[in-house]
Amino acid sequence: MERQRTPQREARVREVLAKRQKDFTLIIDNVWDPHNVSAILRSCDAFGIYGIHLYYTVSEWPELAKKSSASGKKWVECTKHTDPVKMVSGLRDQGYQVLRTGFSETARPLMDFDLSTPSAVILSNEHSGTAPELAELVPDEVYIPMQGMIQSFNVSVAAALILYHGFSQRFAKGMYDNPSFSPEEMEKLTAEWLAR
């Protein structure tokens, strides 16, 4: 059933779209747990991410429920990929820095990276880590410093922390004060969102 198009709803849609960041994204690499994927989408919506990229070659994109945090899938655009070279080179051609989470000797802490520039961060499978073909294409690794005995965060928590780091940097630069979309893009997206 289509939502009623009230002036209040249109104003809310425009307000949210005006803060969406079209040049800050995540690449979800074979994350299989639907709860993790739902939580990642919810964080993307909360921190103003317009869209994410899905790279699923060994796992299937999980079936998401229609309620609670899964509703993030309604408001975050998902672009599917099967060709890792085309995906990564396409982002780099648009000026993105492409990073992946990891713990190698060359990995650098999250605070070392400026996510206010066009950025894409790969979040990988909960058990097997980054797909080898992506690791080969993306040497730059980022990790979230931890002070305890456990080495890593749950993938959805890591996503939220990375997104908050980017949000903080972008907020400090006033990047949420003006739309990242052109007026024409804003009108098109507003019409699309009002139809959801």
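Residues numbered from 1 in each chain as written. Predicted model: local features only at pLDDT ≥ 70, side-chain atom pairs only at ≥ 80, totals over all residues. Heavy atoms only, no water.

In terms of burial, strand β2 (residues 51-55) is a largely internal element, five of the five residues being buried. Residues G51, H53 and Y55 of β2 are buried on one face, and the alternating residues I52 and L54, pointing to the opposite face, are buried as well. Pairing of strand β1 (residues 24-29) with β2, which is carried by three bridges, proceeds in the parallel orientation. Looking across to β2, one finds that I28 is bridged to L54. (Buried < 20%, exposed > 50% of the residue type's maximum accessible area, 1.4 Å probe, protein only. Helix = DSSP H or I, 4+ residues; strand = E, 2+ residues; numbered from the N terminus. Pairing = 2+ DSSP bridges.)

Once that is clear, we can look at the sheet that holds strand β7 (residues 141-143). Read across the sheet, seven strands follow the order β3-β2-β1-β6-β4-β7-β5 without closing on themselves; strand pairing throughout is parallel. For this open sheet the edge positions go to β3 (77-81) and β5 (108-109), each flanked by a neighbour on one side alone. Taken strand by strand, helix α2 (residues 34-46) contacts β1, β2 and β3, and its axis lies near 175° from that of β1. (Contact = heavy atoms within 4.5 Å. Axes fitted to C-alpha atoms, helices over the stretch in contact; angles between N-to-C directions.)

Turning next to the environment of T79. Checked against the element boundaries, T79 lands in strand β3. Accessibility expressed as a relative area gives 38% for T79, which makes it partly exposed. Those residues in contact with T79 that lie beyond four places of it in its chain are I52, H53 and L54.

So, on to unusual backbone geometry. In this model, N30 sits at a positive phi of 55°, which is unusual for a non-glycine residue. Along the chain, N30 falls in the loop between β1 and α2. The exposure class of N30 is buried, given its relative accessible area of 2%.

What follows covers the side chain of S124. In this structure, S124 sits in strand β6 (residues 119-124). Assessed through its relative accessible area of 7%, S124 is described here as buried. Within the structure, S124 has its side chain in polar contact with the side chain of D29 (distance 2.9 Å). Aside from chain neighbours lying at most four places away, what touches S124 is D29, V31, T101, G129, T130 and V155. (Polar contact = N/O pair within 3.5 Å; in protein donor to acceptor, adjacent residues only side chain to side chain.)

Attention now goes to the packing of α2 against helix α6 (residues 155-172). Following both chains from N to C, one finds α2 and α6 inclined at 10°, their axes separated by 8 Å at the closest point. On the basis of the axis angle, α2 is roughly parallel to α6. Where α2 abuts α6, its residues N36, A39, I40, S43 and C44 lie against V155, S156, A159, A160 and L163. For the contact of α2 with α6, the residue count by class is seven nonpolar, three polar and no charged. (Parallel < 35°, antiparallel > 145°, perpendicular 65-115°, else oblique. Nonpolar A, V, L, I, M, F, W, Y, C, P; charged D, E, K, R; others polar.)

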